[in-house]
Amino acid sequence: MSLNEDDARRLDEADPGHRALFYMPPAEGGRYPEVAYMAGNSLGLQPKAARAELLEDLDAWARLGVEGHLDAKRPWLPYHELLTGPAARLIGALPSETVIMNSLTVNLHLLMVSFYRPVPGRERILIEDSTFPSDSYAVRSQARFHELDPDEAVVRVAPEQVAAFLEAEGESVALVLLGGVDYLSGELMDIPALTALGHSKGATVGWDLAHAAGNVPLSLHEWGVDFAAWCSYKYLNSGPGALAGAFVHERHLGREDLQRFEGWWSTDPATRFKMAPVATPLAQADAWQISNPPIFSMSPVRTSLEIFDRVGMPALRQRSERLTGFLADLLAGFDVVTPASRGCQLSLRITGEAAGGANALSHKLRFEHGVIADAREPDIMRLAPVPLYSSYHDCWRAAEALRACL
Ligand SMILES: Cc1ncc(COP(=O)(O)O)c(C=O)c1O
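Let me begin by describing the structure that accompanies this report. Just so it is clear, the model here is predicted, and its values are computed rather than measured. (Residues numbered from 1 in each chain as written. Predicted model: local features only at pLDDT ≥ 70, side-chain atom pairs only at ≥ 80, totals over all residues. Heavy atoms only, no water.)

## Thoughts on the pairing of strand 8 (residues 244-248)
A large share of strand 8 lies buried, amounting to five of its five residues. Here strand 7 (residues 227-230) pairs with strand 8 via four bridges, running antiparallel. What sits directly across from Trp230, in strand 8, is Gly245. (Buried < 20%, exposed > 50% of the residue type's maximum accessible area, 1.4 Å probe, protein only. Helix = DSSP H or I, 4+ residues; strand = E, 2+ residues; numbered from the N terminus. Pairing = 2+ DSSP bridges.)

Spelled out as structure tokens, the structure:
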């Protein structure tokens, strides 16, 4: 049965999502006023509430100056704590295990200071060969930091080979650092099974959840993940370069044998202004903080996490499966490289002369059809119907536009 525009419209009536909470960019081509936005895996759209709430925070600065640290409606000193509960619920963690701070790669580095501790015979870092380049650069520089040769210390294997490698050579691995959802293929990795396997070999297991947080349900505490980090600008809709998150499992909190880089935000807030020369960190992920956080960057993260808290990941995941399932049906006949274990993103391999490369295709989709999709040269198009705001009609438009272009 072939699906048509009326089917998409009917499904949107029955299963509308939360589109009205977001600004939809106007289209620059095609016959609809708004874009069909399929790039929420790259940069999420702006929640309408973000602007007013950011203005409230800015007004507090205008009215109160330094007194805003304590007297603002949302006082700045404990501001980051407003984000902890919703972030913890999103990733299936305890609040004490969760902190919003810095950027993703910075957090990976800070966590590797604690969790990549090579010893002779167990020096390797295992990553997927498809890992996002920033992670690859990060682990190579960590190996160099420990005066190891990154070409020897960093092992790259195909995602489907990770388990076999751990079975065979896990005893030589100090750290496994994997992407929860692969940025290119959209594959959702078996986070609990790989974490357990890494642990059974004595390795520490950390996860980059850039493409997983806000996309798939996570239970980091229950799965025993050692540490994780994620960004907030993709599925978490908190704006370009938005602050990131970090998770440290409870069993590592308060450990005095772990190395951590410290600053005044690492110390117990109750004693912070005693200006003591030695930090006294709490047994919390907050101890990994270093600097006082940027309030106006935290503001949109707070707004956005509240939306996730209200809607809830279980409901979002269900809508995500319906929406992405619909898009998958519409894309029958295309070379979809995303496996069945996935979040909302589908990746297509585009071939043939009509395509002219992924970038050229995405240009055409945008300016001739008003469809924003995400190209990865040479031949991958990523389409992510996001359950908070994407519609079945967006999916239909994207599939129609691809058919017209290819
Ligand atoms: C999987 C993954 N890891 C790391 C990064 C780098 O993030 P940042 O620049 O926020 O450190 C990205 C950015 O898109 C990513 O997708």
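Next comes the rest of the account.
## Here we look at the nonpolar core
Counting residues in hydrophobic clusters, the biggest one holds 62 residues, and the most contacted among them are Leu126, Trp207, Leu209 and Leu388. Among the elements that make up this core, the one with the highest residue count is helix 11 (residues 295-311) (seven residues). In this structure Leu126 touches Val155, Val157, Val162, Phe165, Leu166, Val173, Leu175, Val176, Leu177 and Leu178, once residues within four positions along its chain are discounted. In this structure, Val139, Leu175, Leu258 and Ala287 belong to the second largest nonpolar core, which totals 32 residues. (Core = buried A, V, L, I, M, F, W, Y, C linked by side-chain atoms within 4.5 Å. Contact = heavy atoms within 4.5 Å.)

## Comments concerning the pairing of strand 13 (residues 380-383)
Residues Ile380 and Arg382 of strand 13 are buried on one face, and the alternating residues Met381 and Leu383, pointing to the opposite face, are buried as well. Sheet topology places strand 10 (residues 346-349) next to strand 13; four bridges connect them, and they run antiparallel. Of the residues in strand 13, the one forming a bridge with Leu348 is Met381. Pairing analysis gives three bridges linking strand 12 (residues 374-376) to strand 13, with the strands arranged antiparallel. The residue bridging Arg376 from the neighbouring strand is Ile380, located in strand 13.

## Some details on the sheet that holds strand 8
As summarised here, the arrangement of the seven strands in space is 2-8-7-6-5-3-4, forming an open sheet in which the pairing is mixed. Lying at the two open borders of the sheet, with one neighbouring strand each, are strand 2 (98-101) and strand 4 (154-157). In this sheet, adjacent strand axes meet at a mean angle of 20 degrees when their direction is disregarded. On the sheet, helix 4 (residues 81-91) packs against strand 2, strand 7 and strand 8 and is oriented at approximately 115 degrees with respect to strand 2. (Axes fitted to C-alpha atoms, helices over the stretch in contact; angles between N-to-C directions.)

## What to know about the environment of Leu104
Mapping Leu104 onto the fold places it in helix 5 (residues 104-115). Between the alpha carbons of Leu104 and Ser232 there is a distance of 8.7 Å; along the sequence they are 128 residues apart. Leave out the neighbours within four places in its chain, and Leu104 touches Asp208, Ala210, Ala229, Trp230, Cys231 and Ala244.

## Here we look at the site of the ligand
Looking at the ligand, the residues that line it are Leu104, Thr105, Phe132, Ser134, Asp135, Asp208, Ala210, His211, Tyr233 and Lys234. A distance of 2.8 Å separates an oxygen atom of the ligand from a polar side-chain atom of Lys234. Across the complex, the protein chains shield 81% of the 400 Å² of accessible surface that the ligand would expose by itself. Those elements that provide at least two residues to the shell around the ligand are helix 5 and helix 6 (133-145). Residues that form the shell around the ligand fall into these classes: four nonpolar, three polar and three charged. (Near = heavy atom within 4 Å. Polar contact = N/O pair within 3.5 Å; in protein donor to acceptor, adjacent residues only side chain to side chain. Areas by Shrake-Rupley, 256 points an atom, 1.4 Å probe, with all protein chains shown as cover. Nonpolar A, V, L, I, M, F, W, Y, C, P; charged D, E, K, R; others polar.)

## Details of the packing of helix 13 (residues 358-369) against helix 14 (residues 392-405)
The geometry of helix 13 relative to helix 14 is characterised by a closest axis approach of 10 Å and an angle of 115 degrees between their N-to-C directions. Between helix 13 and helix 14, the interaxial angle falls into the category roughly perpendicular. Our pair here, helix 13 against helix 14, has a crossing hand that is right-handed. Here Leu361, Lys364, Leu365 and His369 of helix 13 come into contact with helix 14, specifically with Arg397, Ala401, Leu402, Ala404 and Cys405. Across the contact of helix 13 with helix 14, the residue classes tally to six nonpolar, one polar and two charged. (Parallel < 35°, antiparallel > 145°, perpendicular 65-115°, else oblique. Left-handed = near helix turned anticlockwise from the far one by under 90°.)

## Brief notes about helix 8 (residues 162-169)
Along helix 8, the positions that sit buried rather than exposed are Val162, Phe165 and Leu166. The arc enclosing the buried residues of helix 8, seen along the axis, measures out at 100 degrees, which places them on a common side. Tucked inside the fold, the buried residues of helix 8 contact strand 3 (124-128), strand 4, strand 5 (173-179) and helix 9 (191-200). (Arc of directions from axis to C-beta.)

## Brief notes about the sheet that holds strand 9 (residues 335-336)
One open sheet holds the four strands; their spatial order is 9-10-13-12, and the pairing between them is antiparallel. Looking along the sheet, the strands with just one partner apiece sit at the ends: strand 9 and strand 12. Running at roughly 40 degrees to strand 13, helix 13 makes contact with strand 12 and strand 13 of the sheet.

## Some thoughts on unusual backbone geometry
Of note, the amide linkage connecting Glu377 to Pro378 takes the cis form, showing an omega dihedral of 0 degrees. Assignment of secondary structure puts Pro378 in the loop between strand 12 and strand 13. The phi dihedral of Glu147 falls on the positive side, at around 60 degrees, and the residue is not glycine. Residue placement: Glu147 occurs in the loop between helix 6 and helix 7 (150-153).

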